[in-house]
Amino acid sequence: MTFTDLSIDQDMVDALAAKGIVEPFPIQTQTIPLALSGQDIIGQAKTGTGKTLGFGLPIAQRIGVDPSPGVKVLVVVPTRELCVQVAEDLEVATSNRATKVVSIYGGKAYEGQVEQLKAGAQIVVGTPGRLLDLAGQRLLNLKEVQEVVLDEADKMLDLGFLSDIEKIFQQVPATRHTMLFSATMPGPIVALARRFMTRPIHIRATDPDEGLTQANIKHVVYRAHSLDKDEVIARILQAEGRGKTVIFTRTKRAAAKLVEELNDRGFNAAAVHGDLNQEQRERAMAAFKAGKKDILIATDVAARGIDVNDVTHVINHTVPDDHDTYLHRAGRTGRAGKTGIAVTFVDWADMHKWALINRALDMGQPEPVETYSSSPHLFTDLDIPAGTKGRLRSAPKAAVEGGAAAPRERNPGSRGRSRTRDDDGGRSSGRPAAAPATPEADGAATPAGDSGGEGGAPRRRSRNRRRRPAGDSPSQA
DNA sequence: AAAAAAG
């Protein structure tokens, strides 16, 4: 199967091939033909399996190569960073044709964006606030839009965004082509979505037996009741074979604190959250993508859609709010057929929250089970260097920090280690270290369950399943 | 309740 087989125009096939993207993912083979024919689609596929091109190629193709000015395509996304990324992906796909892509988002000067609109861009990717802002000022005309896509659609139809989305739909023509994409589509959201669509077809590019999470992500849960999480995270970050790592915190403040803490210890971390200005946010993302920083500490602003190569670890410093957020966070790794590890710390306050997530995703009983745990089904061991495990597992803060208690070899203590890192600092940042700690090697508790995200979905256990997307080469998500 | 999204 090729993109040509899917009737994608040769110039876009060539543009993708130049980036090494030659074989379509399942969500692409399933949605592209229908999307090209104008069918409204709710497209659901797991994280990192090519949704962006799934909608990007057909919408670009449907408006044709006519370079005459006017916005014909509108893609709406929930965060500024995702806006930049999706625009870049569409630019790549359309690089051999005359149509132009512009990203419209807040925190930035109006100037450049308005100029590109005036220059006649046909494809707009934007966040709701700035889109409505410019539309209100008559600087953005949505009256000729033919194609509307909500990326991360369940988020866009969430309470925080819904009224903005309604306003946007009021401004685009009633006769249009509408598509919604996300890895998660709760039933109530699907019902709501129909208000904005015409006889949509719901496509799930997942095997019903396969469950919600990516088979190539290993999920690891860690009891953090009496641990100094920063200390433990620092140790995990020293593990061999780690590539890039994304650490999620619940609050902006926690992210700011952790980035400082880790950099003090000699790590090469950047932070992204809403308390930073847009320039700082973009600089952090660019440094992380380029490998100049190999650790990204983020709030949920980076939970969805962000596609960075060679992220081998996701660490949940704090348990996310719900199972969909867990899925999106974990999905920053294990993309495009690669493997990854998602580590979650659960402390007393988060026990209930974690239990709900665990149940919803049917994570089952992670392996291997810790026998000492009072809730054995919730916790598993951690892939960190031998010799540190036993201590890290349950050591109280004092013991972990005390020099005598610290495991010898592999943990010279964070200060000592930081010098080591500094020495090879240039290398360690740039290189995606060897292999991740082989998530495929042992019992990844691959959840089962059906119909992505729908609350009361049947649960089934299907462990150790390993299914890769048909094509390994595409790198889009 | 937090985060995000206009300024």
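Quick caveat: nothing in here was measured; it's all calculated off a predicted structure.

> Outline the environment of asparagine 263, listing residues and values.
With respect to the element layout, asparagine 263 can be found in helix 11 (residues 252-264). What makes asparagine 263 partly exposed here is its relative accessible area of 31%. When the C-alpha positions of asparagine 263 and isoleucine 41 are compared, they lie 45 Å apart, and in sequence the two are 222 residues distant.

> How would you summarise the nonpolar core if you had to cite specific residues and measurements?
Among the nonpolar cores identified, the biggest contains 55 residues, and Phe3, Ile8, Leu57, Val75 and Val125 are the most heavily contacted of them. The dominant element in this core, judged by the number of residues it contributes, is helix 4 (residues 80-93), at six residues. Setting aside residues up to four positions removed in sequence, isoleucine 8 forms contacts with Phe3, Val13, Ile32, Leu36, Leu57 and Gln61. If you look at the next biggest cluster of nonpolar residues, it comprises 36 residues, including Leu132, Ala135, Leu142 and Phe196.

> Give a description of the protein's contact with DNA strand B that names residues and reports values.
Of all residues adjacent to DNA strand B, which total 22 residues, the nearest are Arg130, Thr251, Lys252, Gly274 and Thr299. Put simply, 77% of the atoms of DNA strand B that lie within 4 Å of the protein are in sugar or phosphate. Between DNA strand B and the protein, one listed contact pairs a phosphate oxygen with a backbone N or O atom of lysine 252 at 2.5 Å. With respect to DNA strand B, the side chain of threonine 299 contributes an N or O atom lying 2.8 Å from a phosphate oxygen. Residue assignment for the surface near DNA strand B shows that the elements contributing at least two residues are helix 6 (128-136) and helix 8 (159-171). Here the surface near DNA strand B gets three residues from one element, more than from any other, and that element is helix 6. Here the surface near DNA strand B is built from residues that sort into four nonpolar, ten polar and eight charged.

> Let's hear about the sheet that holds strand 10 (residues 269-272): which residues, and what values?
Taken in spatial order, the six strands make up an open sheet running 8-13-12-9-11-10, and their pairing is parallel. Looking at the sheet topology across the chains shown, the edges are occupied by strand 8 (217-223) and strand 10. When the angles between neighbouring strand axes are averaged without regard to direction, this sheet yields 20°. The pairing of strand 9 (residues 244-248) with strand 12 (residues 311-316) spans five bridges and is parallel. Looking at the pairing, lysine 244 lines up with valine 311 of strand 12. Where helix 12 (residues 278-290) meets the sheet, it contacts strand 9, strand 10, strand 11 (295-298) and strand 12, and its direction lies at approximately 135° from that of strand 10.

> Before we move on, can you summarise the domain arrangement of chain A with the specific residues and values?
Here chain A is described as being made up of domain 1 (3-206) and domain 2 (209-381). Put simply, the middle of domain 1 and the middle of domain 2, counted by C-alpha atoms, are 28 Å apart. Every contact between the two is made by 22 residues of domain 1 and, on the other side, 23 residues of domain 2. It is Lys46, Thr47 and Glu81 in domain 1 that bury the most area against domain 2; as a group they hold 36% of the surface buried on that side.

> Account for helix 6, with residues named and values stated.
Taken together, the buried positions of helix 6 are occupied by Pro128, Arg130, Leu131, Leu132, Leu134 and Ala135. Where helix 6 is buried, its residues meet strand 2 (73-76), strand 3 (101-104), helix 5 (110-118), strand 4 (123-126), helix 7 (153-156) and helix 8. Of the residues trailing helix 6, arginine 138 is marked for its positive phi of about 60°.

> Describe the side chain of aspartate 350, and please don't skip the residues or the numbers.
Along the polypeptide, aspartate 350 turns up in the loop between strand 13 (340-346) and helix 14 (351-360). Not counting chain neighbours up to four residues away, the residues in contact with aspartate 350 comprise Thr318 and Val319.

> Can you lay out the side chain of arginine 242 for me, pointing to particular residues and giving the numbers?
As for its placement among the helices and strands, arginine 242 is situated in the loop between helix 10 (229-238) and strand 9. Side chain to side chain, arginine 242 and threonine 245 meet in a polar contact 3.0 Å long. Here aspartate 294 takes part through its side chain, which lies 3.4 Å from a polar atom of the side chain of arginine 242.

> Would you mind going over the pairing of strand 10 in detail, with residue names and values included?
Of the two faces of strand 10, the one carrying Ala269 and Ala271 and the one carrying Ala270 and Val272 are both buried. When strand 10 meets strand 11, the two strands line up parallel, connected through four bridges. In the sheet register, alanine 269 faces strand 11, and the bridge partner there is isoleucine 295.

> Residues and numbers for the UniProt feature "domain: Helicase ATP-binding" (unreviewed entry) in chain A, please.
Those residues carrying the UniProt feature "domain: Helicase ATP-binding" (unreviewed entry) are residues 32-203 in this numbering. For residues 32-203, the end-to-end C-alpha separation is 11 Å, with 42% helix and 17% strand making up the annotated structure.

> Can you tell me about the packing of helix 2 (residues 26-36) against helix 3 (residues 51-62), naming the residues and giving the values?
It is at 9 Å that the axes of helix 2 and helix 3 come closest, and there the two elements cross at 25°. Taken together, the axes of helix 2 and helix 3 lie roughly parallel to each other. Between helix 2 and helix 3 lies a crossing whose hand is right-handed. Along its contact with helix 2, which presents Ile27, Gln28, Thr31, Ile32, Ala35 and Leu36, the element helix 3 presents Lys51, Leu53, Gly54, Leu57, Pro58, Gln61 and Arg62. Residue composition of the contact of helix 2 with helix 3, by class: seven nonpolar, four polar and two charged.

Rules and cut-offs
Residues numbered from 1 in each chain as written. Chains lettered and ligands numbered in written order. Predicted model: local features only at pLDDT ≥ 70, side-chain atom pairs only at ≥ 80, totals over all residues. Heavy atoms only, no water. Helix = DSSP H or I, 4+ residues; strand = E, 2+ residues; numbered from the N terminus. Buried < 20%, exposed > 50% of the residue type's maximum accessible area, 1.4 Å probe, protein only. Core = buried A, V, L, I, M, F, W, Y, C linked by side-chain atoms within 4.5 Å. Contact = heavy atoms within 4.5 Å. Near = heavy atom within 4 Å. Polar contact = N/O pair within 3.5 Å; in protein donor to acceptor, adjacent residues only side chain to side chain. Nonpolar A, V, L, I, M, F, W, Y, C, P; charged D, E, K, R; others polar. Pairing = 2+ DSSP bridges. Axes fitted to C-alpha atoms, helices over the stretch in contact; angles between N-to-C directions. Domains from an automatic or database assignment. Buried area = accessible area lost by both parts, 1.4 Å probe. UniProt positions renumbered as here; feature names shortened; annotations may be inferred. Parallel < 35°, antiparallel > 145°, perpendicular 65-115°, else oblique. Left-handed = near helix turned anticlockwise from the far one by under 90°.

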